[in-house]
Amino acid sequence: MRQFPFSSKLQRMSVVSRGLNAKHFVLFTKGSPEIIRSLCKEGIPADFLQVQDTYTKRGLRVIAMAYRKLSMNYLKVQRATREELEWELTFLGLVVLENRLKPQTKPVIETLLKANIRCSMATGDNLLTALSVARECGLMTPKEQGVLIDTDTSGMLQMTTENNEPVSDGVFASPFRFVVTGRALELIFKNSEVAFHQVCVRGTVFARMSPDQKQILVEGLQHLGYFVGMCGDGANDCGALKAAHMGISLSEAEASVASSFTSKTPDISAVPAVIREGRAALATSFGVFKYMAAYSVTQHVSVLFLYWIGSGLGDFQFLYIDLALITALVFLGKRTDELS
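Note that the coordinates shown come from a computational prediction; the quantities given were computed from them, not determined experimentally. (Residues numbered from 1 in each chain as written. Predicted model: local features only at pLDDT ≥ 70, side-chain atom pairs only at ≥ 80, totals over all residues. Heavy atoms only, no water.)

## Notes on helix 9 (residues 193-202)
Residue pairs three or four apart in sequence face the same way in an α-helix, which turns once every 3.6 residues.
Moving on, step 1. Of the positions making up helix 9, those classed as buried are F196, H197, V199 and C200. Angularly, the buried residues of helix 9 cover 160° about the axis, an arc narrow enough to put them on a single face.
Moving on, step 2. Packing partners of the buried residues in helix 9 comprise strand 8 (145-151), strand 10 (176-181), helix 8 (182-191), strand 11 (203-207) and helix 10 (211-223).
Moving on, step 3. For helix 9, the N-terminal capping position is held by S192, with its side-chain oxygen 3.2 Å away from the main-chain nitrogen of A195. (Buried < 20%, exposed > 50% of the residue type's maximum accessible area, 1.4 Å probe, protein only. Helix = DSSP H or I, 4+ residues; strand = E, 2+ residues; numbered from the N terminus. Arc of directions from axis to C-beta. Contact = heavy atoms within 4.5 Å. Polar contact = N/O pair within 3.5 Å; in protein donor to acceptor, adjacent residues only side chain to side chain.)

## A word on empty space enclosed by the protein
Moving on, step 1. Taken as a whole, this structure holds one cavity of 30 Å³ or more when the rule is applied.
Moving on, step 2. If you trace the largest cavity, you find it lined by Q11, E34, I35, R183 and R208.
Moving on, step 3. In terms of residue class, the lining of the largest cavity is made up of one nonpolar, one polar and three charged. (1 Å grid on protein atoms, 1.4 Å probe; cavity = no way out; pocket = protein on both sides within 12 Å on 5 of 7 lines; lining within 4 Å. Points joined across faces, edges and corners; volume = space filled by probe spheres on them. Nonpolar A, V, L, I, M, F, W, Y, C, P; charged D, E, K, R; others polar.)

## Notes on the environment of K242
Moving on, step 1. Considering the arrangement of structural elements, one finds K242 in helix 11 (residues 238-243).
Moving on, step 2. On the basis of relative accessible area, K242 is assigned to the exposed category, the value being 66%.
Moving on, step 3. A C-alpha to C-alpha distance of 42 Å links K242 and L75, two positions 167 residues apart in sequence.

## Regarding unusual backbone geometry
Moving on, step 1. The phi dihedral of E88 falls on the positive side, at around 50°, and the residue is not glycine.
Moving on, step 2. Along the chain, the position of E88 falls in the loop between helix 4 (82-85) and strand 6 (89-97).
Moving on, step 3. The phi dihedral of N116 falls on the positive side, at around 60°, and the residue is not glycine.

## A word on the sheet that holds strand 14 (residues 261-262)
Moving on, step 1. An order of 12-13-14 is seen for the three strands of this open sheet, with the pairing classed as parallel. Strands at the two margins of the open sheet, each flanked by one partner only, are strand 12 (229-232) and strand 14.
Moving on, step 2. Sheet analysis places strand 13 (residues 246-249) next to strand 14, joined by two bridges and oriented parallel. Following the sheet pairing, I248 is matched in strand 14 by F261.
Moving on, step 3. Contacts from helix 13 (residues 270-308) reach strand 12, strand 13 and strand 14 within the one sheet, and its direction differs from that of strand 13 by about 140°. (Pairing = 2+ DSSP bridges. Axes fitted to C-alpha atoms, helices over the stretch in contact; angles between N-to-C directions.)

## What about the pairing of strand 12?
Moving on, step 1. Because side chains alternate across strand 12, one face comprises the buried residues M230 and G232, and the other comprises G229 and C231, none of which is buried.
Moving on, step 2. Across four bridges, strand 12 lies against strand 13 in parallel orientation. Bridging across to strand 13, G232 finds its partner in S249.
Moving on, step 3. Each parallel crossover has a hand, and the one from strand 12 via helix 11 to strand 13 is right-handed. (Right-handed = clockwise from strand over helix to strand, strands pointing away.)

## Observations concerning the packing of helix 8 against helix 9
Moving on, step 1. With their axes 6 Å apart at the nearest point, helix 8 and helix 9 run at an angle of 140° to one another. Put simply, helix 8 runs oblique to helix 9. When you trace helix 8 past helix 9, the crossing you get is left-handed. Contacts between helix 8 and helix 9 pair L185, I188, F189 and N191 from the former with E193, A195, F196 and V199 from the latter.
Moving on, step 2. Residue classes in the contact of helix 8 with helix 9 are distributed as six nonpolar, one polar and one charged. (Parallel < 35°, antiparallel > 145°, perpendicular 65-115°, else oblique. Left-handed = near helix turned anticlockwise from the far one by under 90°.)

## Examining a nonpolar patch on the surface
Moving on, step 1. Residues V288, Y291, M292, L329, V330 and F331 make up a contiguous nonpolar surface patch of about 520 Å² in total accessible area.
Moving on, step 2. Elements with a minimum of two residues in the nonpolar patch: helix 13 and helix 14 (315-332).
Moving on, step 3. Secondary-structure assignment places Y291 in helix 13. (Patch = residues over 30% accessible without salt bridge, like charges linked within 9 Å, V, L, I, M, F, W, Y side chains within 5 Å. Areas by Shrake-Rupley, 256 points an atom, 1.4 Å probe, with all protein chains shown as cover. Salt bridge = Lys/Arg side-chain N within 4 Å of Asp/Glu carboxyl O.)

## Focus on the nonpolar core
Moving on, step 1. If you look at the biggest cluster of nonpolar residues, it comprises 25 residues, and the most contacted ones within it are M121, L139, L148, V179, V205, I248 and I268.
Moving on, step 2. Contributing elements (two or more residues each) for this core: helix 5 (105-114), helix 6 (127-137), strand 11, strand 13 and helix 13.
Moving on, step 3. If we ignore the near neighbours within four places in the chain, the residues touching I248 are M230, C231, G232, L241, S259, F261, S263, A270, V271 and V274.
Moving on, step 4. Judged by nonpolar contacts, the second largest core, of 24 residues, contains F196, C200, F206 and M209. (Core = buried A, V, L, I, M, F, W, Y, C linked by side-chain atoms within 4.5 Å.)

## What to know about the layout of surface pockets
Moving on, step 1. Empty space within the second largest pocket amounts to approximately 900 Å³.
Moving on, step 2. Lining the second largest pocket are 28 residues, with E34, L49, D150, T151 and Q158 sitting closest to its centre.
Moving on, step 3. When contributions to the lining of the second largest pocket are tallied by element, the ones reaching two or more residues are helix 1 (33-39), helix 2 (48-56), helix 6, strand 8 and strand 9 (157-160).
Moving on, step 4. The biggest single contributor to the lining of the second largest pocket is helix 2, with five residues.
Moving on, step 5. The residue inventory of the lining of the second largest pocket, partitioned by class, reads seven nonpolar, 12 polar and nine charged.

In C-alpha cells form, the structure reads like this:
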C-alpha cells in the first residue's frame, strides 16, 4: 500500500501492507539492528546484543525485522509521515546473510599492498562484520589489533578492543589499526582536526558510513597529501567517487555517472589495471619528452659547432642524425628500470 525507501541516514526501510481479509494495515520495517532496537517497544530478547555480536564477528550481515499494527484508515496511512509510523514497533527477529568474498579480492589486495599502496574499507555494514571481512581479505594482519572507535548512547566517543575491553596503553605499543564508525568519524572531524588526521592515517576499517561521511574521509586523506582512489557500486558512493582522484564504478548504474572509470567486471580487479595504465602513460610521457629533448639538443649542438667554424650540415648529415642517432635513442630509451 505504501513504501518508505531505504535511507542510508536512517539505516532502514519500511512498507505498509494489508492482507486480503484483514481489517488493519501493518507496517513492516527492516534495517540495522541497533536502529530497529531503538524503535522497538517490545519483543527485544535479553540476549539481543550477544546474538548480534556472535553473527557479526563471523563476518555475516545481520538485518533486524520489526512490525506495527496501524489503527488508521487508508487516507491517514497515505498522509502519515515516516516518523509517525516508524515507532513503538514490535521486534520480529534477525535475518542473517552471508556475503562471501569474491575470488579476485584477496589476490588484488595483496598486489596493492606489495606495491606500497595503502588499502582501507568504507562500508555501511556493522562494525564487527566489517572487521571480520577486513581480516579475511588481508586488509589487517593477524598481528595487528583492532581498536574500535564508536559512540555510546549519549553521543560520546568510546574506544574498546575487539574483545569489548577498555583500551590500555599497551595496545598502542603493539601494531594496531583503528576501526571506526561513521558517527565517530564525523564527531572527531567536527571537534579535532589533529585527531581526525590520525584516524584517517591509522584507520583501516570505516563502518556504518553514510555517503557524506565517505566523502569526508576521502577529502581528509586528500588534505594530508594522499592520492585517493575509490571503488563503489551504489548511489551512496557517488559523492566519494566524485571527490576521489580516481573513482572506479563497479556497476553501470548510478555510480558510473560520478566516477572517472567504469569496470565491466563487478570486482576490484580493475584497480591494478587502472594503476598500471596510469603509470604506463606517465612513463610514456616522460619517454616522449626525453626523446624530443635529445633530438633537439643533438641537432642544436651540431649546428652551433658547425656555425662556429663557418660551416653547416649537409643533407646526408641531417639524414644521418634522423636515422642513425635518433633511431638509436628510440630503442635505447626503452631500456629503463621499472617504476617503483
